[in-house]
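Tertiary structure, described
These are the residues of each chain, in order.
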Number of protein chains: 2
Amino acid sequence: MQDPLQPQPLAELVAALRRLPGVGVKSARRMAYHLLQHDRPGAERLGQALQQALSQLRHCERCNTFTEEPVCALCTNPRRDPSQLCVVESPADQNMIEASHTYQGLYYVLMGRLAPLSGVGPDELHFGPLLERAADPALREVILATSFTAEGDVTAHYLAEALRSRGLVVTRLARGVPAGGELEYVDAGTIAWALAERRS
Amino acid sequence: MQDPLQPQPLAELVAALRRLPGVGVKSARRMAYHLLQHDRPGAERLGQALQQALSQLRHCERCNTFTEEPVCALCTNPRRDPSQLCVVESPADQNMIEASHTYQGLYYVLMGRLAPLSGVGPDELHFGPLLERAADPALREVILATSFTAEGDVTAHYLAEALRSRGLVVTRLARGVPAGGELEYVDAGTIAWALAERRS
């Protein structure tokens, strides 16, 4: 929908907002009108936050997550167990695992997952640094905590092959019925996994 | 969910993105990771677009929409009919009416609607300039094109009272079955309106 009424700076703001994931043209317009009409301080703040994040954040040299330092606080924490390395797709996934308070090892953050159909292969995901990282002599086990989606499965499968050939123990998160899950409302695929991987 | 792993510039970016309408903490994180990892040029562009929009856009002195000039291109177009004024809630609504190619008059953009429960009253919406605008001697008819929601109805009702007392013809968009609408899939409230306002 071309819009002859829209002045150029407004059109450009809408176009820039549309590049955010999950934002279509209607949402982008709503965001632009909201910022300009009702939240100009919010617009200023977002502009500054973008600049600051772009200039100050880099990737941790050890785990690849976003950090202000060459190596992030978690990687330099002497209380973390260097014999375990948990591979996650994103900092958000890492946060969820930390929130469970049950893991004391280190992490590697892929910042994505293999998506052959979208042209994301092992080279795009920078598996090289992960494999170097996995050469750490203190390391015993790599826990693959990628998503249980087709792409997450492919990623885990690929990494498992590469890491097992280096003599590491490679494990994956268990699949099954979620905590608090009532069987009636769990999908059949999950039930099938939970049955197949049942424990005594 | 407080996040000890998140460096400050990332936390600030997520907080700033959360102020966008319709964006919660999970979406804000996904946006931040996406921009930092996969679309740094997009992040630069958004930052610049925000700055440019904030510094260059103002409200049209006649119709209140966003413009780079004191008076917008539509208001200065001599081919628009000054006897009709269409009152809309937002530039997006104005765009939809222009897209119908059936209206040749002028506009007034409220940039909101009355929402007494959220503290948006006539003062917050700046009805004063609209009432001044409506004093134009060339003006004959005001078409209230606010939404058919409770808040849009309240806004239209309030404006109708104020404008009719100035001797203007005040009309509202027709309600009824949408173009291409199959009765089976139209809600009962719309059917009731279409029946009540049926035409010979």
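See the structure shown above.
What comes next concerns the included structure. Per chain, the residues get numbers from 1 upward, laid out in the order the sequence is written. Chain labels run from A onward and ligand labels from 1 onward, assigned in the order the entries are written. With pLDDT at 70 or above as the cut-off, local features in this predicted model cover only qualifying residues; side-chain atom pairs require 80 or more to be listed or tallied, and sums for whole chains, interfaces and linings still use all residues. Hydrogens and waters are ignored; side-chain quantities use all the structure's heavy atoms.

Let's talk about the packing of aromatic side chains
- Ring pairs are drawn from Phe, Tyr and Trp, using the six-membered ring of Trp, whenever the two centres fall within 6.5 Å, and their geometry is named by plane angle: stacked under 30 degrees, edge-to-face over 60, tilted for the rest. For the structure shown, the criterion picks out six aromatic pairs over all chains.
- Charge over a ring is defined by NZ of Lys or CZ of Arg lying within 6 Å of the ring centre and within 35 degrees of the ring normal. Against the face of W193(A) rests R175(A), its NZ or CZ located 3.7 Å from the ring centre.

Observations regarding the side chain of N64(B)
All names here are of chain B.
- Under the DSSP-based scheme used, a helix requires at least four consecutive residues in state H or I and a strand at least two consecutive residues in state E, with every element numbered from the N terminus. Positionally, N64 belongs in the loop between strand 1 (58-59) and strand 2 (66-67).
- Using a 1.4 Å probe on the protein chains alone, a residue whose accessible area is under 20% of its type maximum counts as buried, one over 50% counts as exposed, and one in between counts as partly exposed. Judged by its relative accessible area of 15%, N64 falls in the buried class.
- What makes two residues a contact is simply this: any of their non-hydrogen atoms within 4.5 Å. What N64 contacts, discounting residues up to four positions off in sequence, is H59, Y108, V109, L110 and M111.

Quick word on the sheet that holds strand 3 (residues 81-88) of chain A
Residues and elements named next belong to chain A.
- Should DSSP find at least two bridges between two strands, the strands are taken to pair. Taken in spatial order, the four strands of this open sheet run 4-3-5-6, and their pairing is parallel. The open sheet has two free edges, formed respectively by strand 4 (105-109) and strand 6 (169-172), since each of these has just one partner strand. On average, adjacent strands in this sheet sit at an angle of 25 degrees to one another, irrespective of strand direction.
- Contacts between helix 4 (residues 91-99) and the sheet are confined to strand 3 and strand 4, with strand 4 contributing the most and set at about 160 degrees to the helix. A fitted line through C-alpha atoms serves as each axis, taken over the contacting stretch for helices, and the angle formed by two N-to-C directions is quoted from 0 to 180°.

Let's talk about the side chain of E12(B)
- Summarising the element assignment, E12(B) is placed in helix 1 (residues 8-18).
- Between N or O atoms, a polar contact is any pair within 3.5 Å; within protein, one atom must be a potential hydrogen donor and the other a potential acceptor, and residues adjacent in sequence are included only when both atoms are from side chains. A polar side-chain atom of E12(B) sits 2.8 Å from a polar atom in the side chain of R45(A).
- Discounting residues that sit within four places of it in the chain, E12(B) has contacts with R45(A), A49(A) and Q52(A).

Notes on the packing of helix 1 (residues 8-18) of chain A against helix 3 (residues 40-56) of chain B
- At their nearest, the axes of helix 1 of chain A and helix 3 of chain B sit 9 Å apart, and the two run at 150 degrees to each other. Relative to helix 3 of chain B, the element helix 1 of chain A lies roughly antiparallel. With respect to the hand of their crossing, helix 1 of chain A and helix 3 of chain B are arranged in left-handed fashion. Along its contact with helix 1 of chain A, which presents Q8(A), P9(A), E12(A), L13(A), A15(A), A16(A) and L17(A), the element helix 3 of chain B presents R45(B), L46(B), A49(B), L50(B), Q52(B), A53(B) and Q56(B). Orientation categories follow fixed angle ranges, with anything under 35 degrees roughly parallel, anything over 145 roughly antiparallel, 65 to 115 roughly perpendicular, and all other angles oblique. The crossing is said to be left-handed when, going from far helix to near helix, the turn is anticlockwise and less than a right angle, and right-handed when the turn is clockwise.

Take it as geometry only, folks, not as evidence of what the structure does.
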